[in-house]
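# A look at the structure
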Amino acid sequence: MKKRNYTYHPKFNTLLEYIYILLGSATVAIGFNLFLLPNRVASGGVSGISTIFDATLGLEPAYVQWAFNIPLFIAGVILLGKQFGFKTLIGTIFLPFVVFLTRDWEPATMDPLLGSLFGGICIGLGLGIVFRGKASTGGTDLAAQIIHKYTGLSLGTCVALIDGLIVLSAAFVFDIERGLYALVGLYVTSKTIDIVQIGWGRSKMTMIITTKQEEVQHAILNEIDRGVTRLSAHGGFTNNERPVLMCVVDQTEFTKLKQLVRSIDPNAFVTVTDASEVLGEGFKRV
């Protein structure tokens, strides 16, 4: 009996995206309550603001997050359009809800360094999963987009400014050490998001200039079983035609590729760059 392929079914994909949003939001909330909040690590975002408010005014973090997230979502819809949709609204509401449900859980550690590291991992993991659901958890991301639209500053600069102000506030409210821990958490979060979005694997893109194009191309196709693209190019000094062979290989295949090219043409000119994500035949599906 032939199995049905649900992977590309629109309704299944939509359901999967909502699962990603709920799972990712829950991961962020649990990481916040287990690692960041008890150690007073305010590593940016609305969660960082709620940490500061909890320490200074004793306000429930979930309430603070709702108080910031919902108005920012409404402002985003009014000022930026309805591009955020229902999925972002779910993340905006559900994340503080899980923060509220897990507020009495025992902290996983009271070491601020461990808290910032593992809290950053949890936040990055959760946000990366939410992004895979084609949504966001709202908050300061929406504020950054609003500032970006009306000031002309780049989106990255706006995000950095907002998170920087939150970290500086944490350093002022708590102490410099806590501010530094917040920076550690912020850095770990960004790197974890990259890993979730792109993956652990790193492919290598090679550009090969050789006088033995046919031999090298044939060897790559048959011995490494990778595709090769021949690009038209001309030497800058001689102006002679010098085709360039472009090939993308897994990191594990790269050493074999180098040895192969060297054995055919020791004088070949090879440049190598990291390819953070490769989509297509032999790699990830588009």
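Conventions we followed
- Residues numbered from 1 in each chain as written.
- Predicted model: local features only at pLDDT ≥ 70, side-chain atom pairs only at ≥ 80, totals over all residues.
- Heavy atoms only, no water.
- Helix = DSSP H or I, 4+ residues; strand = E, 2+ residues; numbered from the N terminus.
- Buried < 20%, exposed > 50% of the residue type's maximum accessible area, 1.4 Å probe, protein only.
- Contact = heavy atoms within 4.5 Å.
- Areas by Shrake-Rupley, 256 points an atom, 1.4 Å probe, with all protein chains shown as cover.
- Polar contact = N/O pair within 3.5 Å; in protein donor to acceptor, adjacent residues only side chain to side chain.
- pLDDT = per-residue confidence, 0-100.
- Phe/Tyr/Trp six-rings, centres within 6.5 Å; stacked < 30°, edge-to-face > 60°.
- Lys NZ or Arg CZ within 6 Å of the ring centre and 35° of its normal.
- Patch = residues over 30% accessible without salt bridge, like charges linked within 9 Å, V, L, I, M, F, W, Y side chains within 5 Å.
- Salt bridge = Lys/Arg side-chain N within 4 Å of Asp/Glu carboxyl O.
- Axes fitted to C-alpha atoms, helices over the stretch in contact; angles between N-to-C directions.
- Parallel < 35°, antiparallel > 145°, perpendicular 65-115°, else oblique.
- Left-handed = near helix turned anticlockwise from the far one by under 90°.

### Topic: the overall build of the chain
A count of helices and strands for the chain gives 10 helices and 4 strands. From first element to last, N terminus to C terminus, the chain shows the α and β order α-α-α-α-α-α-α-α-β-α-β-β-α-β. A buried classification covers 42% of the 286 residues belonging to the chain. Nonlocal contacts in the chain, meaning residues at least 24 apart in sequence, comprise 73% of its contacts between residues at least 6 apart. For the chain, the accessible area works out to roughly 16,200 Å², and carbon and sulfur atoms hold 62% of it.

### So, the side chain of Asn 69
Here Asn 69 lies in helix 3 (residues 61-80). Its relative accessible area of 4% is what places Asn 69 among the buried residues. At 3.3 Å, the side chain of Asn 69 and the backbone nitrogen of Gly 139 are in polar contact.

### What to know about the confidence of the model for the chain
Averaged over every residue, the pLDDT of the chain is 84; the share at 70 or more is 90%. Low pLDDT, under 50, characterises residues 1-7; the predicted model gives this stretch 4 contacts beyond four residues in sequence or across chains.

### Observations concerning the packing of aromatic side chains
Taken as a whole, this structure holds 6 aromatic pairs when the rule is applied. With centroids separated by 6.1 Å and ring planes inclined at 85°, the aromatic side chains of Phe 53 and Phe 68 adopt a geometry described as edge-to-face. In this pair, Phe 53 is assigned in helix 2 (residues 45-57) and Phe 68 in helix 3, connecting sequence segments 15 residues apart. Judged by relative accessible area, which is 28%, Phe 53 ranks as partly exposed. Under the relative-accessibility criterion, Phe 68 is labelled partly exposed at 29%. In this structure an aromatic cluster arises from ring pairing among Tyr 63, Trp 66 and Phe 100. Above the plane of the ring of Phe 100 lies Arg 103, whose end atom (NZ or CZ) is 3.9 Å from the centre.

### Details of a nonpolar patch on the surface
Together, Ile 70, Ile 74, Ile 78, Leu 79, Ile 93 and Tyr 150 give the surface a local cluster of nonpolar side chains, amounting to about 560 Å² of exposed area. In terms of residues, the nonpolar patch owes the most to one element, helix 3, which gives 4 residues. Within the secondary structure layout, Tyr 150 lies in helix 6 (residues 140-151). Here Tyr 150 falls in the exposed class, since its relative accessible area comes to 53%.

### Here we look at the environment of Arg 40
Structurally, Arg 40 is set in the loop between helix 1 (10-36) and helix 2. The spacing of Arg 40 and Tyr 181 is 141 residues in sequence and 9.2 Å in space, taken between C-alpha atoms. Those residues within four positions of Arg 40 in sequence are excluded, and the remaining contacts are Thr 51, Asp 54, Ala 55, Phe 174 and Arg 178. At a separation of 3.1 Å, a polar atom in the side chain of Arg 40 contacts the side chain of Asp 54.

### Points about the packing of helix 2 against helix 3
As a packed pair, helix 2 and helix 3 sit with axes 9 Å apart at the nearest point and diverge in direction by 130°. Judged by the inter-axis angle, helix 2 sits oblique to helix 3. As helix 2 packs across helix 3, the resulting crossing turns out to be right-handed. Two secondary-structure elements touch here, helix 2 through Val 46, Ser 47, Ile 49, Ser 50, Phe 53 and Asp 54 and helix 3 through Pro 61, Val 64, Gln 65, Phe 68 and Asn 69.

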